[in-house]
Amino acid sequence: MNNQYTKAAIRAAFLSQLNSKPFDKISVVDIAKMAGVSRNTFYYWYDDIYALMDDLFFTEAEKIRQDSASFDSWADGFRHAVGFASENRKAIYHLYKSISRNKLESFLYEVTFNDVSKAVATMGKETGALPEDVHDLAAFYSAALIGLVIRWLDGGMKEDSDAYLENIEELLGDNIVSALNRSARKKH
């Protein structure tokens, strides 16, 4: 087995386990068996399940970051990021309800901030907004969106995330552009 294939098999087995049972019920033995590797191979690549979880988040964040270059709006990027959560509802819910909740929230914030900051930076260049205001708006909207995701997770992920996001996007309308225009006027 080549290195990337082995790590991918271990990550896939972990995600599969997370989709079927709570985080604290998953063992290295379960993951290794499902991945078709030995425990020693697991420990060759990962110190423990937490290191594996970090690698899973990092790998998914990189995929989302690469894909985000093709999105036209912050909402498209956010929708794509939430897509991973929707596809893996049980896994995300199990992580959210575990002691690893803070890692999940950090992952969500990182990918959201990446997409939102790109979109806001593009709008900021068009409006001539101050760089610090562009950053602050990206941080604000990222935190607000993650707050909505947390609320969605608390509710058991029952709402249709696409419909919910479309409603939020419609409600926000041109608020970001309006705020950036106000920032640009502060220069003068």
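One structure accompanies this document, and this report is about it. (Residues numbered from 1 in each chain as written. Predicted model: local features only at pLDDT ≥ 70, side-chain atom pairs only at ≥ 80, totals over all residues. Heavy atoms only, no water.)

### What to know about the overall build of the protein
Then comes step 1: The helix and strand tally for the protein stands at 10 helices and zero strands.
Then comes step 2: Element order for the protein, N to C, with α for helix and β for strand: α-α-α-α-α-α-α-α-α-α.
Then comes step 3: Considering only C-alpha atoms, the protein reaches an extent of 65 × 35 × 25 Å along its principal axes.
Then comes step 4: Within the protein, contacts between residues separated by at least 24 positions form 73% of all contacts whose residues are at least 6 apart in sequence. (Helix = DSSP H or I, 4+ residues; strand = E, 2+ residues; numbered from the N terminus. Contact = heavy atoms within 4.5 Å.)

### Considering the environment of Asp160
Then comes step 1: Within the secondary structure, Asp160 is located in the loop between helix H8 (131-154) and helix H9 (161-172).
Then comes step 2: Distance from Asp160 to Met34, taken between C-alpha atoms, is 31 Å for residues 126 residues apart in sequence.

### Things to note about the pattern of salt bridges
Then comes step 1: Applying the stated criterion to the full structure yields six salt bridges.
Then comes step 2: Between Asp55 and Arg11 there is a salt bridge, with its nearest N and O atoms 2.9 Å apart. Residue Asp55 is located in helix H4 (residues 49-67), and its partner Arg11 is located in helix H1 (residues 3-20); the two are separated by 44 residues in the primary sequence.
Then comes step 3: Under the relative-accessibility criterion, Asp55 is labelled buried at 14%.
Then comes step 4: You can call Arg11 buried: its relative accessible area is 13%.
Then comes step 5: The residue Lys186 makes a salt bridge to Asp133 at a minimum N-O spacing of 3.0 Å. (Salt bridge = Lys/Arg side-chain N within 4 Å of Asp/Glu carboxyl O. Buried < 20%, exposed > 50% of the residue type's maximum accessible area, 1.4 Å probe, protein only.)

### Brief notes about the packing of aromatic side chains
Then comes step 1: The full count for this structure, using the stated rule, is eight aromatic pairs.
Then comes step 2: Aromatic side chains Phe42 and Tyr46 sit 5.7 Å apart centroid to centroid with 45 degrees between the ring planes, which places their arrangement in the tilted category.
Then comes step 3: The exposure class of Tyr46 is buried, given its relative accessible area of 3%.
Then comes step 4: Arranged with centres 5.2 Å apart and planes meeting at 85 degrees, the rings of Phe140 and Tyr141 form a pair that is edge-to-face. (Phe/Tyr/Trp six-rings, centres within 6.5 Å; stacked < 30°, edge-to-face > 60°.)

### Regarding the packing of H1 against H4
Then comes step 1: Following both chains from N to C, one finds H1 and H4 inclined at 100 degrees, their axes separated by 10 Å at the closest point. As far as their axial angle goes, H4 and H1 are roughly perpendicular. From H1, Lys7, Ile10, Arg11, Phe14 and Leu15 reach across to H4, where they touch Ile49, Leu52, Met53, Asp55, Leu56 and Thr59.
Then comes step 2: Taken together, the residues that form the contact of H1 with H4 break down as seven nonpolar, one polar and three charged. (Axes fitted to C-alpha atoms, helices over the stretch in contact; angles between N-to-C directions. Parallel < 35°, antiparallel > 145°, perpendicular 65-115°, else oblique. Nonpolar A, V, L, I, M, F, W, Y, C, P; charged D, E, K, R; others polar.)

### Topic: the nonpolar core
Taken as a class, soluble globular proteins show a tendency for nonpolar side chains to be buried jointly.
Then comes step 1: Counting residues in hydrophobic clusters, the biggest one holds 60 residues, and the most contacted among them are Phe14, Ile31, Trp74, Leu104, Phe107 and Leu153.
Then comes step 2: Among the elements that make up this core, the one with the highest residue count is H8 (10 residues).
Then comes step 3: Beyond its immediate chain neighbours, meaning those up to four positions away, Ile31 contacts Ile10, Ala13, Phe14, Gln17, Ile26, Phe42, Ile49 and Leu52. (Core = buried A, V, L, I, M, F, W, Y, C linked by side-chain atoms within 4.5 Å.)

### Some words on the packing of helix H6 (residues 89-96) against helix H7 (residues 101-127)
Then comes step 1: Look at H6 against H7: their axes get within 7 Å of each other, and the N-to-C directions meet at 125 degrees. Classified by the angle their axes make, H6 and H7 are oblique. Two secondary-structure elements touch here, H6 through Ile92, Leu95 and Tyr96 and H7 through Arg101, Leu104 and Glu105.
Then comes step 2: Of the residues contributing to the contact of H6 with H7, the split by class is four nonpolar, no polar and two charged.

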